[in-house]
Amino acid sequence: MRRFSLRTLVSEALTGHEGWERQWRAPEPKAAYEAVIVGGGGHGLATAYYLAKEHGLANVAVLEKGWIGGGNTGRNTTIIRSNYLQDESAAIYEHALKLWEGLSQQLNYNVMFSQRGVMMLAHNTHDVQSLKRHIYANRLNGIDNEWLSAQEAKAFCPPLNIAPDIRYPVVGAALQRRGGVARHDAVAWGYARGADAMGVDIVQNCEVLGFRRGSDGAVAGVETSRGYIATPRVGVVAAGHTSVVMARAGLRLPLESFPLQALVSEPVKPVFPCVVMSNTIHAYISQSDKGELVIGAGTDQYVSYSQQGGLHIVTHTLEAICELFPQFSRLKMLRNWGGIVDVTPDRSPIIGRTPIPGLYVNCGWGTGGFKATPGSGHVFAHTIARAEPHPINAPFTLDRFHTGRLIDEAAAAAVAH
Amino acid sequence: MLLIPCPHCGPRPEIEFRCGGEAHIARPAAPAEVGDADWAQYLFYRTNPKDVHAERWLHAHGCQRWFNALRDTASDRIIAIYAMGEPRPAVPSPIVPAQGGGDGRKSAVVIPPTPNPSPQGGGEEC
């Protein structure tokens, strides 16, 4: 891998930019690998990267049905934060946030991580109590989160309307200053480039059609649209399609897949300095470096794989945005799309073993998986390489739905985030 | 937004309805005798198919009655409507409507296929 640096940039500038190499290969799949990752989104590519980087497992393939980063990695609103209520969630999201803070340097790839602050609005007494409870819980876990009055929230985000006579007035906010946004495509590309440089094969247009198991019941390999691949370890990281892939292994999961929509406005000059979220009125917004306002809505109410949702969901969100930021009411929306998110009953992910030996799953990130990408890949790689979970993902087992040890973030963040 | 054919009121927009999730999940008759794994299956595990899905709908802002629907989750097209308590009509589509039985209940209403709206291209936010 040719490292990006000022020196290479200058030398390329002097020679017409003709020396840049492809950032990852397009290999034919081999007959066998030490491990196969199913799903070439951020989480899957990060898993492969850390398998090679930290566990010496470089004879690994990432199999992607379409193109890398073409699913939810390329469809989310790129918000990163770690201010989750439960200790287990705080641990894994903070693990991810700490990795984000050094990610561009580690990958030698600018993921444009910008810690501009994530502010979550309170509109009523219940919100105030809930957000303050989060703040205290976060502080006990060593995570920054602070309470702002409505005036302080307005000072931090000047476009915010704190008039007391709107339908859902802003009465305060919780601010995580270390939160922010990153460039989502760059995350997939950076991990792909880093993993490829260590020998990982990234195989696109390769769908896993079935699983072959040995006489002991353990995974022996995967049938794909590009032939059979033998491997003793398979990690499924297929987001909204996890139920579909796992059904091919004969497994049912506690998951349902829903469309989640987002949209962007026409690009404008810098007008919005941070990320603002409101769980109560279902809206979140930030401004990309290109100038577009990036707006996220909630999920539709029915199971779907159609990657599109109802217009009434988006309308609901835009009504809230226009009330909180009246000056945006004249902006035109350029694009609107949906991604398919896999939601668990307790709104926490499942990361670990399955009843089939050698088959691992990392799913259930629901509406908020992007922020966890580095941490998720890091602990999942540990789980696959050592056949036992990392202490951080040990509570996120599949069997918690049998034992009752749920990690209930549903009440804490039952909205897209 | 889905256009949902309520069996009592006719086609109405989705905002009048509440989706009740997957249909035909029966609460175990004797919960105390059910093991943890089976109880988890009842409570939490779902089929979640990229295929025909049987689901319950409530016409909350209409007749306030429940009914079942078969819907293709890949295209969101509603394939059939049938009453609560009735078995799932045979799939795959096109479904042959059952002849009216003697129990006075309505048999499944089959929705003729309509051209799907072309799926939206994969957007990406930059």
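Coordinates for the structure precede this section.
Below is a summary of the structure that appears in this document.

Parameters at a glance
- Residues numbered from 1 in each chain as written.
- Chains lettered and ligands numbered in written order.
- Predicted model: local features only at pLDDT ≥ 70, side-chain atom pairs only at ≥ 80, totals over all residues.
- Heavy atoms only, no water.
- Helix = DSSP H or I, 4+ residues; strand = E, 2+ residues; numbered from the N terminus.
- Buried < 20%, exposed > 50% of the residue type's maximum accessible area, 1.4 Å probe, protein only.
- Contact = heavy atoms within 4.5 Å.
- Areas by Shrake-Rupley, 256 points an atom, 1.4 Å probe, with all protein chains shown as cover.
- Pairing = 2+ DSSP bridges.
- Axes fitted to C-alpha atoms, helices over the stretch in contact; angles between N-to-C directions.
- Parallel < 35°, antiparallel > 145°, perpendicular 65-115°, else oblique.
- Left-handed = near helix turned anticlockwise from the far one by under 90°.
- Nonpolar A, V, L, I, M, F, W, Y, C, P; charged D, E, K, R; others polar.
- Salt bridge = Lys/Arg side-chain N within 4 Å of Asp/Glu carboxyl O.

Once that is clear, we can look at the overall build of chain A. The helix and strand inventory of chain A stands at eleven helices and 19 strands. Of all 417 residues assigned to chain A, the portion counted as buried reaches 60%. For chain A, long-range pairs separated by at least 24 residues make up 74% of all intrachain contacts whose partners lie at least 6 apart in sequence. On chain A, roughly 15,900 Å² of surface is accessible, and the fraction owed to carbon and sulfur atoms is 53%.

The subject of this paragraph is the sheet that holds strand 16 (residues 293–299) of chain A. Residues and elements named next belong to chain A. Spatially, the eight strands line up as an open sheet ordered 5-6-4-14-15-16-13-17, and their pairing is mixed. Strand pairing shows two members of the sheet lacking a second neighbour, strand 5 (146–149) and strand 17 (333–343), which therefore form its edges. On average, each strand axis in the sheet is tilted by 25 degrees relative to the strand beside it, whichever way the strands run. Bridging between strand 4 (residues 118–122) and strand 6 (residues 172–176) involves five bridges; their strand directions are antiparallel. Considered in strand 6, the bridge of Leu-121 is made with Ala-173.

Our focus in this paragraph is the packing of helix 2 (residues 42–55) of chain A against helix 7 (residues 184–197) of chain A. Residues and elements named next belong to chain A. The geometry of helix 2 relative to helix 7 is characterised by a closest axis approach of 8 Å and an angle of 30 degrees between their N-to-C directions. The angle between the axes of helix 2 and helix 7 places the two elements in the roughly parallel class. Once helix 2 is placed against helix 7, the crossing between them reads as left-handed. Residues Gly-42, Leu-45, Ala-46, Ala-48, Tyr-49 and Tyr-50 of helix 2 touch helix 7, and the partners they reach there are Ala-188, Tyr-191, Ala-192, Gly-194 and Ala-195. Of the residues that constitute the contact of helix 2 with helix 7, the class distribution is nine nonpolar, two polar and no charged.

Before going further, it helps to spend a moment on the packing of helix 3 (residues 87–101) of chain A against helix 10 (residues 373–386) of chain A. Residues and elements named next belong to chain A. One can describe the packing of helix 3 onto helix 10 by two numbers: an axis separation of 7 Å at closest approach and a directional angle of 110 degrees. In terms of orientation, helix 3 and helix 10 fall into the roughly perpendicular class. Every residue of helix 10 that contacts helix 3 at Ile-92, His-95, Ala-96, Leu-99 and Trp-100 is listed here: Thr-373, Pro-374, Gly-375, His-378 and Val-379. Looking at the contact of helix 3 with helix 10 residue by residue, the classes come out as six nonpolar, four polar and no charged.

Next up on the list: the pattern of salt bridges. The full count for this structure, using the stated rule, is 19 salt bridges over all chains. Across the salt bridge formed by A:Glu101 and A:Arg178, the nearest N and O atoms sit 3.1 Å from each other. A residue pair is termed long-range when its members are at least 10 positions apart, and A:Glu101 in helix 3 and A:Arg178 in the loop between strand 6 and strand 7 (180–181) qualify at 77 residues. Of the residues examined, A:Glu101 reaches a relative accessible area of 38% and is grouped as partly exposed. The residue B:Asp76 makes a salt bridge to B:Arg71 at a minimum N-O spacing of 3.0 Å. Take B:Asp76 and B:Arg71: they sit in the same class, and that class is buried. Each member of the salt-bridge network shares a partner with another, and the members are A:Glu94, A:Lys98, A:Glu101, A:Asp144 and A:Arg178.

In short, shape yes, function no, at least from these values alone.
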